Amino acid sequence: MLKYVLKRVLAALITLFVLVSVVFFMVRVMPGEPFTSAKLTPAVAANMEKYYGFDKPLPVQYVQYIGKLLQGDFGYSMKYTNRTVNDIIGETFPFSADLGIRALVIAISFGLVLGIISALNRGNKIDFICVIIAIIGTSVPDFIMGAFLQYFFGIKWGLLPIAQYKGFEYTILPSVALAFFTLASVSRIMRSSMLEVVGQDYIKTAKAKGLSDLRIVGRHQIRNAIMPVITMLGPTVAAVLTGTFVIESIYAIPGMGKYYVESVSTNDYSMILGMTVFYGAFLIICNLIVDILYGIVDPRVRIATPVEDS
Amino acid sequence: MGENGKEMTRDMFVIRGKNVNKMETMSRPNISFWQDAWRRLKKNKSAFTGLVIVVIYSLLAVFAPMFSRYGFSDMDPNSMNALPSLVHWLGCDSTGRDLWVRIWMGARVSLTIGLSAATINMCIGAVIGGLSGYYGGKLDMVVMRIVDILYGIPSLIVTILVMVVIGRGIATLIIAMCIVGWIGTCRFVRGEVYRLKNQDFVLAAKVLGVKNLSIIIRHIIPNIMGLLVTNLCMAIPGAIFQEAFLSYIGLGITPPNCSWGILAKEGIKMLRVAPHEVLIPAFFICTTMLALNLLGDGLRDALDPRLRGSEG
């Protein structure tokens, strides 16, 4: 087990390093400069470039950046005067994280319940309704879902606040909008995996032993069927996190997504780098946790190396 | 013993119409894998509906803009936010551009991006995954390390960065999606090929002295083709989604080009005044997704060799 964990951690570290390096050099070959304001005289611009270290050769800048990064310092933003990237992330990430966690909780809990109900009622009306919900969920992009929820619940029926993020009732619409797609895919996967498990021998054994239906479903069926859902948790976190970009803009939530998109279009080098590294590291850590969790839950994974598992 | 107590003998029977030449022929025409799959797909109502929708949308995307009175960027100040009518079949947007034309121009872009990104990803993934799975060894090691690393990097972030580096546009959007998009296919093709190459029919071919290349073309590829097609069909909605998403946040296609993502974005701004401007693009995005998902599900069932020949 330890060997498995170490291997995963090592892979994650290499991934992170590659990500940082690739993004660093990619950002530098981007067309355009960060200091393009007409007010800047060439002398000031040169000064600023010197201040940010752009006059040094690229490899030196790279080493310096990595050195700072190891101390957890993302540097100053180039557009927002006197604010470090760390500050901006620290200010905005809690909103994104809060929204993301709410959406994840909604998506996974409701998705699992929907999938289980659907599988247990296979073929009848309840199953049909659940499947329809799941299909709609996977067919509607989250920005459209967000806009519709806002229109109907916020504007037309006036039930919930339409924008901003100031209290529980404000969080409902954005988190549901963000959760819907994931909810649908979790329920689809759970349904098919439940149906696959039903035919297994250990379920027959459990039935033959005379266990109650509740125990069979709870102890044997769900526990085994949940594995594929755990595997997709990593990509799910990624989907939810990137989904926050749009949901934040629809509901005017002061999260990280807005800043990220903005920094990309304004060539704010240190912001792009910092936020990409932050997002990337966050997702890589999520994947790592999922991998390790998976190794704990399913002993078969540990024995087979990850290369051979497909 | 016969009915009347008489013993049945050989000469009481007459051979009628025995034809030695016909005995070996098959009574029913030989059904190939694809014919069988097609037959089963046709039986699956939802999948077939999906297929019909996809075909209709594709045809409309090609022909509808050609036969319309309006250009996709012609503005008509007299019909700003016009509701659907006989003049403007799907109404007009906030600057008086005809939505019917814009929807199908957008469909061209969205469908092209979806189809080409998914196809290119599939090809790259299949080739790399196939080679890696078939030859194994060091090549496999290297490929799998690269895949492991790329898999950890959030694809959307890479796409956004690539878009910014090489500039915005339809072609660059496709390229950007392809840089990390092939990994999924690569992983699964590698797994499949790895499983297949150890099976007896491949061994038999090897023993008979068939060259590696022919084994791949004649034996491996036909066996994974079904899965690949299903995979492709499932990947198209993903690519369309991504395009819509990127265009929505302003990092995809830029106006005056239009795609469904852009139409939805422009429509959402007018949600309070003219809801049809977002409802219509939303309807087309959703139905396309729905159709492709249903078709993909149907294809998966139709092409699953384990289900072959079942249910008559």
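Residues numbered from 1 in each chain as written. Chains lettered and ligands numbered in written order. Predicted model: local features only at pLDDT ≥ 70, side-chain atom pairs only at ≥ 80, totals over all residues. Heavy atoms only, no water.

1. Quick notes on the overall build of chain A
- Counting its secondary structure elements, chain A contains 14 helices and 0 strands.
- Beginning at the N terminus, the succession of helices and strands in chain A can be written as α-α-α-α-α-α-α-α-α-α-α-α-α-α.
- For the C-alpha atoms alone, the extent of chain A along its principal axes is close to 85 × 55 × 30 Å.
- Going through the 310 residues of chain A one by one, you find that 47% of them count as buried.
- By sequence separation, contacts in chain A at least 24 residues apart represent 74% of the contacts at least 6 residues apart.
- Surface exposure of chain A reaches about 15400 Å², of which carbon and sulfur atoms provide 67%.
- Averaging the positions of the 26 positive and the 20 negative side-chain charges in chain A gives two centres separated by 7 Å. (Helix = DSSP H or I, 4+ residues; strand = E, 2+ residues; numbered from the N terminus. Buried < 20%, exposed > 50% of the residue type's maximum accessible area, 1.4 Å probe, protein only. Contact = heavy atoms within 4.5 Å. Areas by Shrake-Rupley, 256 points an atom, 1.4 Å probe, with all protein chains shown as cover. Lys, Arg positive; Asp, Glu negative; His and termini not counted. Charge placed at Lys NZ, Arg CZ, Asp CG, Glu CD.)

2. Re a positive patch on the surface
All names here are of chain A.
- Taken together, K209, R215, R219 and R223 make up a surface patch of like positive charges.
- For R219, the position within the fold is in helix α9 (residues 213-225).
- On the accessibility criterion, R219 (46% relative accessible area) is partly exposed. (Patch = residues over 30% accessible without salt bridge, like charges linked within 9 Å, V, L, I, M, F, W, Y side chains within 5 Å. Salt bridge = Lys/Arg side-chain N within 4 Å of Asp/Glu carboxyl O.)

3. Notes on helix α7 (residues 170-181) of chain B
- Relative to the 16 Å expected for 12 residues at 1.5 Å per residue, α7(B) spans 16 Å between its end C-alpha atoms, a close match to the ideal helical length.
- Turning to α7(B), its buried residues are B:T172, B:L173, B:I174, B:A176, B:M177, B:C178 and B:V180. (Expected span 1.5 Å × (residues − 1).)

4. What about the interface of chain B and chain A?
- Each partner contributes residues to the interface: chain B has 42 residues there, and chain A has 45 residues.
- At the boundary of chain B with chain A, the tally comes to 1 residue pair in polar contact (both at pLDDT 80 or more).
- Of all the elements in the fold, those that place two or more residues in the side of chain B that touches chain A are α5 (137-152), α6 (155-166), α8 (183-197), α10 (212-248), α11 (260-269) and α12 (276-303) of chain B.
- The dominant element in the side of chain B that touches chain A, judged by the number of residues it contributes, is α12(B), at 10 residues.
- Its residues placed into classes, the side of chain B that touches chain A shows 32 nonpolar, 3 polar and 7 charged. (Polar contact = N/O pair within 3.5 Å; in protein donor to acceptor, adjacent residues only side chain to side chain. Nonpolar A, V, L, I, M, F, W, Y, C, P; charged D, E, K, R; others polar.)

5. Things to note about unusual backbone geometry
- Positive phi, normally seen in glycine, also occurs at A:A252, with a value near 50°.
- The residue A:A252 is located in the loop between α11 (233-250) and α12 (256-265) in this model.

6. Description of a nonpolar patch on the surface
Residue and element names in this part refer to chain A.
- Among the surface-exposed residues, M1, I285, I289, L293, I296 and V297 lie close enough to one another that they form a single nonpolar patch of about 530 Å² accessible area.
- Note on placement: M1 falls in the segment before α1 (2-29).
- What makes M1 partly exposed here is its relative accessible area of 39%.

7. A word on the packing of α11(A) against helix α13 (residues 269-297) of chain A
Residue and element names in this part refer to chain A.
- Put simply, α11 and α13 touch, their axes get as near as 8 Å, and they point 155° apart. Judged on the interaxial angle alone, α13 and α11 are roughly antiparallel. Classified by chirality, the crossing of α13 by α11 is right-handed. Along the contact surface, α11 presents L233, G234, P235, V237, A238, L241, T244 and F245, while α13 presents Y279, F282, L283, C286, N287 and V290. (Axes fitted to C-alpha atoms, helices over the stretch in contact; angles between N-to-C directions. Parallel < 35°, antiparallel > 145°, perpendicular 65-115°, else oblique. Left-handed = near helix turned anticlockwise from the far one by under 90°.)

8. Side note on the confidence of the model for chain A
Residue and element names in this part refer to chain A.
- For chain A, the average pLDDT comes to 81, and 93% of its residues sit at 70 or higher.
- When mean pLDDT is compared element by element in chain A, helix α4 (residues 85-120) scores highest at 89, while helix α14 (residues 299-303) scores lowest at 56.
- Counted against residues more than four places away or in other chains, residues 304-310, with its pLDDT under 50, gives 10 contacts. (pLDDT = per-residue confidence, 0-100.)

9. Describing the pattern of salt bridges
Residues and elements named next belong to chain A.
- As enumerated under the stated definition, the model contains 9 salt bridges over all chains in all.
- E91 is paired through a salt bridge with R83; the nearest N and O atoms lie 2.7 Å apart.
- Given a relative accessible area of 47%, E91 falls into the partly exposed group.
- Residue classification places R83 among the partly exposed residues on the basis of a relative accessible area of 21%.
- When the shortest N-O distance is used, the salt bridge between R191 and D127 registers 2.9 Å. Taken together, the positions of R191 in helix α7 (residues 168-198) and D127 in helix α5 (residues 125-139) put the pair 64 residues apart, joining distant regions of the chain.

10. Quick look at the packing of aromatic side chains
- Summed over the entire model, instances satisfying the criterion amount to 24 aromatic pairs over all chains.
- Relative to A:Y279, the ring of A:F245 lies with its centre 5.5 Å away and its plane at 50°, an arrangement referred to as tilted. Taken together, the residues span a long stretch of sequence, with A:F245 in helix α11 and A:Y279 in helix α13 at a distance of 34 residues. Take A:F245 and A:Y279: they sit in the same class, and that class is buried.
- By the ring-pair criterion, three or more aromatic residues cluster together here, those being B:Y57, B:W100, B:W104, B:W260, B:F283 and B:F284.
- The side chain of B:R190 reaches across the aromatic face of B:Y194, ending 5.7 Å from its centre. (Phe/Tyr/Trp six-rings, centres within 6.5 Å; stacked < 30°, edge-to-face > 60°. Lys NZ or Arg CZ within 6 Å of the ring centre and 35° of its normal.)

11. Some words on the environment of A:P141
- Checked against the element boundaries, A:P141 lands in the loop between α5 and α6 (142-156).
- The exposure class assigned to A:P141 is buried, which follows from its relative accessible area of 1%.
- The spacing of A:P141 and A:G243 is 102 residues in sequence and 9.7 Å in space, taken between C-alpha atoms.
- Non-local contacts of A:P141, meaning those with residues more than four positions away in its chain, are made with B:F241, B:I285 and B:C286.

12. Thoughts on the environment of A:L233
Residues and elements named next belong to chain A.
- Relative to the assigned elements, L233 resides in helix α11.
- It is 9.1 Å that separates the C-alpha atoms of L233 and V186, two residues lying 47 residues apart in sequence.
- Once residues within four sequence positions are removed from consideration, L233 is found in contact with I108 and V290.

13. As for α10(B)
Residues and elements named next belong to chain B.
- The terminal C-alpha atoms of α10, which comprises 37 residues, lie only 47 Å apart, well short of the 54 Å expected from a rise of 1.5 Å per residue.
- Considering bend angle alone, the principal kink of α10 is centred on I221 and spans about 45°; proline P222 follows within four residues of it.
- Remark: G250 follows α10 within two positions and exhibits a positive phi of approximately 90°. (Bend = angle between axes of the 7 residues up to and from the residue.)

14. Some details on the packing of helix α4 (residues 99-135) of chain B against α8(B)
All names here are of chain B.
- As a packed pair, α4 and α8 sit with axes 7 Å apart at the nearest point and diverge in direction by 40°. For the element pair α4 and α8, the recorded crossing hand is right-handed. Residues N121, M122, G125, A126, I128, G129, G130, S132, G133 and Y134 of α4 touch α8, and the partners they reach there are T185, C186, V189, R190, V193, Y194 and K197.
- When grouped by side-chain class, the residues that make up the contact of α4 with α8 number 8 nonpolar, 7 polar and 2 charged.

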